[in-house]
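Close look at the chain arrangement
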Amino acid sequence: MSESLNLSDVRPEVRPWVRYWAKYFDILVFSFAFGLLMAVLIPQVLQLSDIILGILILFLWVFFEAFLLNSWGTTPGKWLLKVRMRGENDSKLSFSNALNRGFGAWFKGLALGIPLITLVTMLIGYRNLVKNRTTSWDRENHVIVTHGKVGPLRTVLTVLFFTFVFAFLIWTEIQRRGLTA
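Summary of the structure given here. (Residues numbered from 1 in each chain as written. Predicted model: local features only at pLDDT ≥ 70, side-chain atom pairs only at ≥ 80, totals over all residues. Heavy atoms only, no water.)

Relative to the assigned elements, R154 resides in helix α7 (residues 151-177). A polar contact is formed between the side chain of R154 and the backbone oxygen of W79, at a distance of 2.6 Å. (Helix = DSSP H or I, 4+ residues; strand = E, 2+ residues; numbered from the N terminus. Polar contact = N/O pair within 3.5 Å; in protein donor to acceptor, adjacent residues only side chain to side chain.)

Helix-helix packing: each pair is described by the crossing angle between the helix axes and the interaxial distance. The contact between helix α1 (residues 16-41) and α7 brings their axes to 12 Å, and the two run at 45 degrees. One finds that α1 runs oblique with respect to α7. Once α1 is placed against α7, the crossing between them reads as left-handed. Judged by residue contacts, W21, Y24, F25, L28 and V29 of α1 engage F161, F162 and V165 from α7. Of the residues that constitute the contact of α1 with α7, the class distribution is 8 nonpolar, no polar and no charged. (Axes fitted to C-alpha atoms, helices over the stretch in contact; angles between N-to-C directions. Parallel < 35°, antiparallel > 145°, perpendicular 65-115°, else oblique. Left-handed = near helix turned anticlockwise from the far one by under 90°. Contact = heavy atoms within 4.5 Å. Nonpolar A, V, L, I, M, F, W, Y, C, P; charged D, E, K, R; others polar.)

Looking now at the packing of aromatic side chains. In the structure shown here, the tally under the stated rule is 22 aromatic pairs. With centroids separated by 5.4 Å and ring planes inclined at 55 degrees, the aromatic side chains of F30 and W61 adopt a geometry described as tilted. In this pair, F30 is assigned in helix α1 and W61 in helix α2 (residues 50-71), connecting sequence segments 31 residues apart. What links up through ring pairs into an aromatic cluster is the set W17, Y20, W21, Y24, F25, Y126, F161 and F162. Taking the ring centre of W79 as reference, the NZ or CZ of R154 above it sits at 4.6 Å. (Phe/Tyr/Trp six-rings, centres within 6.5 Å; stacked < 30°, edge-to-face > 60°. Lys NZ or Arg CZ within 6 Å of the ring centre and 35° of its normal.)

Here we come to α7. Taking 1.5 Å of rise per residue, 27 residues should cover 39 Å, and α7 covers 39 Å from first to last C-alpha, within 8% of that figure. Listing the buried residues of α7 in full gives R154, T158, F161, F162 and V165. Residues of α7 that are buried make contact with α1 and α3 (76-80). G178, located one to two residues past α7, shows a positive phi value of around 70 degrees. (Expected span 1.5 Å × (residues − 1). Buried < 20%, exposed > 50% of the residue type's maximum accessible area, 1.4 Å probe, protein only.)

What follows covers the packing of α1 against α2. Running from N to C, α1 and α2 cross one another at 110 degrees; their axes reach a closest spacing of 10 Å. Of the possible angle classes, the one that applies to α1 and α2 is roughly perpendicular. Residues K23, D26, I27, F30, S31 and F34 of α1 form the contact with α2, whose participating residues are L53, L56, I57, L58, L60, W61, F64 and E65. A breakdown of the residues in the contact of α1 with α2 according to their chemical character gives 10 nonpolar, 1 polar and 3 charged.

Moving on: a nonpolar patch on the surface. A cluster of nonpolar residues, F32, L36, F164, F168, L169 and W171, forms a patch on the protein surface that exposes about 660 Å² of accessible area. Within the residue set of the nonpolar patch, elements represented by two or more residues are α1 and α7. (Patch = residues over 30% accessible without salt bridge, like charges linked within 9 Å, V, L, I, M, F, W, Y side chains within 5 Å. Areas by Shrake-Rupley, 256 points an atom, 1.4 Å probe, with all protein chains shown as cover. Salt bridge = Lys/Arg side-chain N within 4 Å of Asp/Glu carboxyl O.)

Between side chains of opposite charge, pairing is possible as soon as their charged atoms come close. A complete count under the given rule lists 9 salt bridges for this structure. We note a salt bridge from D138 to R19, for which the minimum N-O separation is 2.6 Å. Residue D138 is found in helix α6 (residues 136-140), and its partner R19 is found in helix α1; the two are separated by 119 residues along the sequence. Note on R19: relative accessible area 14%, which makes it buried. Put simply, R177 and E173 hold a salt bridge, and the shortest N to O gap is 2.5 Å. Of this pair, R177 and E173 are both found in helix α7, 4 residues apart, which corresponds to roughly one turn of the helix. Overall, R177 belongs to the exposed group, its relative accessible area being 55%. Judged by its relative accessible area of 27%, E173 falls in the partly exposed class. Among the ionic contacts, a cluster of salt bridges with common partners joins K23, D26, E65 and K78.

The following block contains the structure:
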């Protein structure tokens, strides 16, 4: 999954929406895998409130993301949308550096996943990223974020993925409420 980008392919501009969709892609894939694993191993975990379950999933994602960034140099969403994160020497992030960055993003960017507060911190993070061309958690951990050209195929795959997820969530909610015609 690790993919080197040609310097001519690297985009120096700040792309907060690409970063958002890459992060959201990763969290959705991880949430689905976590849900399947828990359904098999510890089904009682899925009985937690949606808020508590969301906070738990985001907390666990911090560790898994750090593992992926350290071992593969990317995550599925970052690979798909060509978001590249490297240390100052163009090296993959160390696990501790990726973990510190992840906790910064979880706390400062996602407000631990607490509804409504997350919206506020994400808006602040967006504004700071556009203004300062970096996030505080990237700056504090000396992470350099670059973007490659996404291209039409990856764009279509991303749109199809989110369309499928949205349709699946609607379908499961209809099934849960017994609203079938």
